[in-house]
Amino acid sequence: MAHESHRRPYGRVARLTFIVLLTIGLLGIEGSYKRHVKPFKDAILSSNSFREMRLSRVLYGLALTAATWAQSGVVDTYIATESPIAKAGVLANIGSDGSKSSGAKAGVVIASPSTTNPDYLYTWTRDSSLVFKAIIDWYTHGQDTSASIRTKIDQFVSAEAAQQQVSNPSGDVSSGGLGEPKFNIDLSAFTGAWGRPQRDGPALRATAMITYANWLLSEGNTSYVGDTLWPILQLDLDYVANNWNSTGFDLWEEISSSSFFTTAVQHRSLREGATLATALSKSSLASTYTTQAANALCFLQSYWNPTGYITANTGGGRSGKDANGVLASIHTFDADAGCDAATFQPCSDKALANLKTYVDAFRSIYGINSGIAANGAVATGRYPEDSYQGGNPWYLTTAAVAEQLYDALIVWKTQGTIEVTSISQPFFQQFSSSVAVGTYASSTSTYTALISAVQDFADGFISIHGKYTPTGGGLAEQFDKDNGTPVSAVDLTWSYAAITTAFEARAGVVPASWGAAGLTVPTTCSTSGGGGGGGGTVAVTFNVQATTQFGENIYLTGSVDALQNWSPDDALPLSAQNYPTWSITVNLPASTLIQYKYIRKFNGQITWESDPNNSFTTPQSGSFTLNDSWR
């Protein structure tokens, strides 16, 4: 009887555990912990039996594992059903034979078939390049090597080559036109008012085509790379090398300044462009791209806010907390670089800290996030101050969070360690409040626990994505912040592409390396795009005709140190001695491409001159005078 009395507590707990585990497994829904595991934990931890208590802890751990399994099963089911739908959604929006892209030329990606509220029946260089980078990865990774996919890639190349030559409001192919953000789907110029230029497009297009070029070279097809791809690539890479430090509109087309996403993808394109140029025996160009890549990498560090996040833009007046940083991290992922912080790799301490700050910014502003635990996955949008279409979560940004976490898991599992720094510690403390700064090997329980927790966290974002995906799997741009119904443009191509790449990251698919490993941030940074050709300086006088009101003054800033590196706060004041002509003389590096703008300051408000940037090349020696009018 004594023996039997010892077994009874275990029997009660075991029976209760079985019931809870079975319930959680059958429910398979998010929130299992809060609604099912926590009450179970509270009940079993109230036991007066020491032995029962010890067993209860083990069983509590099993219950948590069951909750994880339940969510994982939901995610597996969603991936199985949504993957083919998302792929079909991408292909339907590519001309000329896509089922929803009527009127688009072959290889042209429409943003969405939506024509009213909003009208997205255009082709954006950024969206098109990100979409075709995903398609090129399908092909080069062997996921879809069908002839139809190869044909679409080649049609994309032809379409982009034609688009480069279209004169538009930003200029022509040699005078800034590559920075034009969008075109009509027949590849004619869009001439309406818009936020232009946008300087991420050429870099992203270069990255997509370099990925294709590298695969073709590995297959021995040098002629197509040299004769067809390289002329397109050189135009884009030269544009990036000359303009990476010029202001432009961000990827949301709202703020004109320098933008983290833009600088990050520009840096990547220049690095891989230099490697390809070397392979094609174009050493001079490779040297130029390498030099400007180092400068861009140096500038990239300036976006980091020591309070724990990436400041998305240098202007705009917002908090700076933005999907911009998460998107940059996944689109510059290079597993060979490990957890490198200089390039903000997904598992780097800065990228993880930024992800936490970004995600937390949405916890209290969307109704659908109400009641979710402080360390649970939530729906995320572009930035917390967003008001476009009501300011809602976006499918692509929610997927991007999951993808960054999956990318981080790929690297941690490969290297067999997780490093917790003082910067990333708050991120990891979401899952283990007592985790200390240090490096945890795969043989430690801390490593195992963190891997499991981050995997579950990442899956949570996919669960939310699936929860608000309507029957049929169609993905709009946004979903309503209060009830989760689809909002804004229907069948957004970027939404479809974004969820496919998140699914691939979860499956452990590793994109080709682009050369991020082993990079060193220069100790001395130069911010002049295009490189300088001679030593010494020349005296340049800037004259601008500008009428002002009392108390208003004119300032100058630009792309080199002597012009304060585009800083409005440190801009150089001009003299009004010969009003309405404002003047200043500055010593600038000789034989260097310079970009600049005038700004107005009045009662603490700053007004930039309109785009595009002014530009000129300084002479080898002597002096130079510029006569401008405010615009």
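The rules behind the values
- Residues numbered from 1 in each chain as written.
- Predicted model: local features only at pLDDT ≥ 70, side-chain atom pairs only at ≥ 80, totals over all residues.
- Heavy atoms only, no water.
- 1 Å grid on protein atoms, 1.4 Å probe; cavity = no way out; pocket = protein on both sides within 12 Å on 5 of 7 lines; lining within 4 Å.
- Points joined across faces, edges and corners; volume = space filled by probe spheres on them.
- Helix = DSSP H or I, 4+ residues; strand = E, 2+ residues; numbered from the N terminus.
- Nonpolar A, V, L, I, M, F, W, Y, C, P; charged D, E, K, R; others polar.
- Bend = angle between axes of the 7 residues up to and from the residue.
- Buried < 20%, exposed > 50% of the residue type's maximum accessible area, 1.4 Å probe, protein only.
- Contact = heavy atoms within 4.5 Å.

Chemist: Honestly, empty space enclosed by the protein in this entry has me stumped. Any pointers?
Modeler: Leftover empty space is mapped by rolling, across the atoms, a probe with the size of a water molecule. What the rule picks out here adds up to six cavities of 30 Å³ or more. Taken as a whole, the largest cavity encloses approximately 400 Å³ of empty space. Around the largest cavity, the lining is made up of 27 residues, and of these Asp 137, Ile 330, His 331, Glu 403 and Thr 501 lie nearest the centre. Going through the elements one at a time, helix 4 (125–140), helix 6 (201–218), helix 8 (260–279), helix 10 (323–331), helix 12 (395–415) and helix 15 (493–506) are the ones with two or more residues in the lining of the largest cavity. Here the lining of the largest cavity gets six residues from one element, more than from any other, and that element is helix 15. Tallied by class, the residues present in the lining of the largest cavity amount to 16 nonpolar, five polar and six charged. Approximately 80 Å³ is the volume attributed to the second largest cavity. For the second largest cavity, the lining is made up of 14 residues, of which Ser 246, Ser 257, Ser 258, Ser 259 and Thr 262 are closest to its centre. Those elements giving two or more residues to the lining of the second largest cavity turn out to be strand 3 (248–249) and helix 8. Of all the elements, helix 8 adds the most residues to the lining of the second largest cavity, at three residues. Among the residues forming the lining of the second largest cavity, the class breakdown is four nonpolar, nine polar and one charged.

Chemist: So what exactly am I meant to see when it comes to helix 7 (residues 222–243) here?
Modeler: Note that an α-helix has 3.6 residues per turn; residues three or four places apart therefore point the same way. At Leu 229, helix 7 shows its largest kink, close to 50 degrees, and the proline Pro 231 lies no more than four residues downstream. Of all the residues in helix 7, the buried ones are Val 225, Leu 229, Trp 230, Ile 232, Leu 233, Asp 236, Leu 237, Tyr 239, Val 240, Ala 241 and Asn 243. Residues of helix 7 that are buried make contact with helix 5 (147–164), helix 6, helix 8, helix 9 (283–300) and strand 16 (593–602).

Keep in mind these numbers describe shape, not what the thing actually does.
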